[in-house]
Amino acid sequence: MDWIISDELGLTVGHLVGWGAASAMIVGGVAPYIPQYRQIKKTQDADGFSLYVCLTLLVANTLRILFWFGKRYELPLLIQSIVMNATMFAMIHLCVTIRKKNQIIRARERIFTDMDKKYFWAWTDFQSYVDCMLVFSVLGAAITYLLIEFSPFVELIGFLAVFTEAMLGAPQIAKNLQNKSTEGMSVCMVIMWTFGDLFKTAYFVIREAPTQFWVCGSLQVLLDIVILLQVWMYRHNTAAARRIRRGD
């Protein structure tokens, strides 16, 4: 009897740990953007945050959703992708609103239907970003539907999804290099990225997710570390930029 109770208790604890890890995967991916969202809203300055981070995650998670239809991975990872897309649209909406509000001289409206490559992902209205991702999603879904039985194509979608997400830090690295500063970027966000990506990569390995997931997760951790190094390298420039913004 004791053995049965112990066995049942172990199973229950195992379930709780599993549910906790799954919940952490869903919520943990969104959590790093909360301090960045609050910082942008508080300072009314979105220049330090690269919207290409949002583009990277929207593309990556849309591809991951399409990959699920060809190769069923764990449901929490699918839910995480849906939640992350909603979060990225919230970030874009905030940044676009603030940038329009801060315009001193009213510039010409730039929208998705202009089809101007020069202003791709630099549109002045939120709807354009939604339209762009709708077009991408519909085209991706149509191609996936036609080639769903072709295994190499399905594996390619999986690789592109996680590789694109692995390159998440690249736009922010480029933005920091351009500014020679990390002013406007939430360091808390990057620290949470790093811990989240470490946890996520470990989760992929333990849960035996497709190989693409943990390989690209490791790359993502490496880029997070590069950004943290930029925080240290540009610390003096960042402090100076912050004093100028405050008017000190």
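As annotated in an unreviewed UniProt entry, the protein carries the name Solute carrier family 66 member 2 and is attributed to Danaus chrysippus. According to its UniProt record, the protein has this under Subcellular location (unreviewed entry): "Membrane".

Visitor: Please give an account of helix H5 (residues 126-147) that cites residues and values.
Guide: Counted at 1.5 Å a residue, the expected span for H5 with its 22 residues is 32 Å, and the 32 Å between its end C-alpha atoms agrees. Among the structural elements, helix H3 (51-70), helix H4 (75-101) and helix H6 (151-166) are those in contact with the buried residues of H5.

Visitor: Tell me about the UniProt feature "transmembrane region" (unreviewed entry) in the protein, and please be specific about residues and values.
Guide: The UniProt feature table records "transmembrane region" (unreviewed entry) at residues 16-37, 49-69, 75-98, 119-147, 153-174, 186-206 and 212-234. Between the C-alpha atoms that bound residues 75-98 there is a distance of 35 Å. The span itself is 100% helix and 0% strand.

Visitor: Account for a nonpolar patch on the surface, naming residues and giving values.
Guide: A contiguous nonpolar surface patch, about 590 Å² in accessible area, is contributed by Ile-143, Tyr-145, Leu-146, Leu-147 and Phe-150. Tracing the sequence through the fold places Leu-146 in helix H5.

Visitor: How would you explain the side chain of Ser-81 if you had to name every residue and give the values?
Guide: Following the sequence through the fold, Ser-81 ends up in helix H4. Residue class for Ser-81 comes out buried when judged on its relative accessible area of 0%. Those residues within four positions of Ser-81 in sequence are excluded, and the remaining contacts are Asn-61, Arg-64 and Ile-65.

Visitor: Lay out helix H7 (residues 169-179) in plain terms, naming residues and giving numbers.
Guide: Among the residues of H7, Gly-169, Pro-171, Gln-172, Ile-173 and Asn-176 are the ones counted as buried. Each element contacted by the buried residues of H7 is listed here: H3, helix H8 (187-206) and helix H9 (211-233). Remark: Lys-180 follows H7 within two positions and exhibits a positive phi of approximately 55°.

Visitor: Account for unusual backbone geometry, naming residues and giving values.
Guide: Backbone geometry places Met-115, a non-glycine residue, at a positive phi of 55°. Turning to its location among the elements, Met-115 is positioned in the loop between H4 and H5. Despite not being glycine, Lys-180 has its phi angle at roughly 55°, a positive value.

Visitor: Explain the environment of Pro-35 to me, using residue names and the numbers behind them.
Guide: Considering the arrangement of structural elements, one finds Pro-35 in helix H2 (residues 33-43). Between the alpha carbons of Pro-35 and Met-189 there is a distance of 6.2 Å; along the sequence they are 154 residues apart. Setting aside residues no more than four positions away along its own chain, Pro-35 makes contact with Ser-186, Cys-188, Met-189 and Met-192.

Visitor: Tell me about the pattern of salt bridges, and name the residues and values.
Guide: Under the definition given, this model contains two salt bridges. With a shortest N-O distance of 2.5 Å, Arg-64 and Glu-165 are connected by a salt bridge. Of the two residues, Arg-64 is situated in helix H3 and Glu-165 in helix H6; the sequence distance between them amounts to 101 residues. The closest approach of N and O atoms between Glu-155 and Lys-71, which form a salt bridge, is 2.9 Å. Of the two residues, Glu-155 is situated in helix H6 and Lys-71 in the loop between H3 and H4; the sequence distance between them amounts to 84 residues. Residue Glu-155 is classed as partly exposed on the basis of its relative accessible area, which comes to 27%.

Parameters at a glance
Positions within a chain are numbered from 1, following the residues in the order the chain's sequence is written. Only residues with pLDDT of at least 70 get local features here, since the model is predicted, and only at 80 or more are side-chain atom pairs given and counted; chain-wide, interface and lining totals rely on the full set of residues. Note that water and hydrogens are dropped before the side-chain values are worked out from all heavy atoms of the structure. UniProt positions are given in the numbering used here, feature names are shortened, and annotations may be inferred rather than shown by experiment. Counting from the N terminus, the helices are the DSSP runs of H or I reaching at least four residues and the strands are the DSSP runs of E reaching at least two. To estimate how far a helix should reach, multiply one less than its number of residues by 1.5 Å. The contact definition used throughout considers only heavy atoms, calling two residues in contact when any of these lie within 4.5 Å. To count toward a patch, a residue needs a relative accessible area above 30% and no salt bridge. Like charges then connect within 9 Å, nonpolar side chains (Val, Leu, Ile, Met, Phe, Trp, Tyr) within 5 Å. To measure how exposed things are, a 1.4 Å probe is used in the Shrake-Rupley method; for residues, cover is taken only from the protein chains shown. Take a side-chain nitrogen of Lys or Arg and a carboxyl oxygen of Asp or Glu: if they are within 4 Å of each other, that pair is a salt bridge. Relative accessible area decides the class of each residue, using a 1.4 Å probe on protein chains only: under 20% of the type maximum gives buried, over 50% gives exposed, and in between gives partly exposed.

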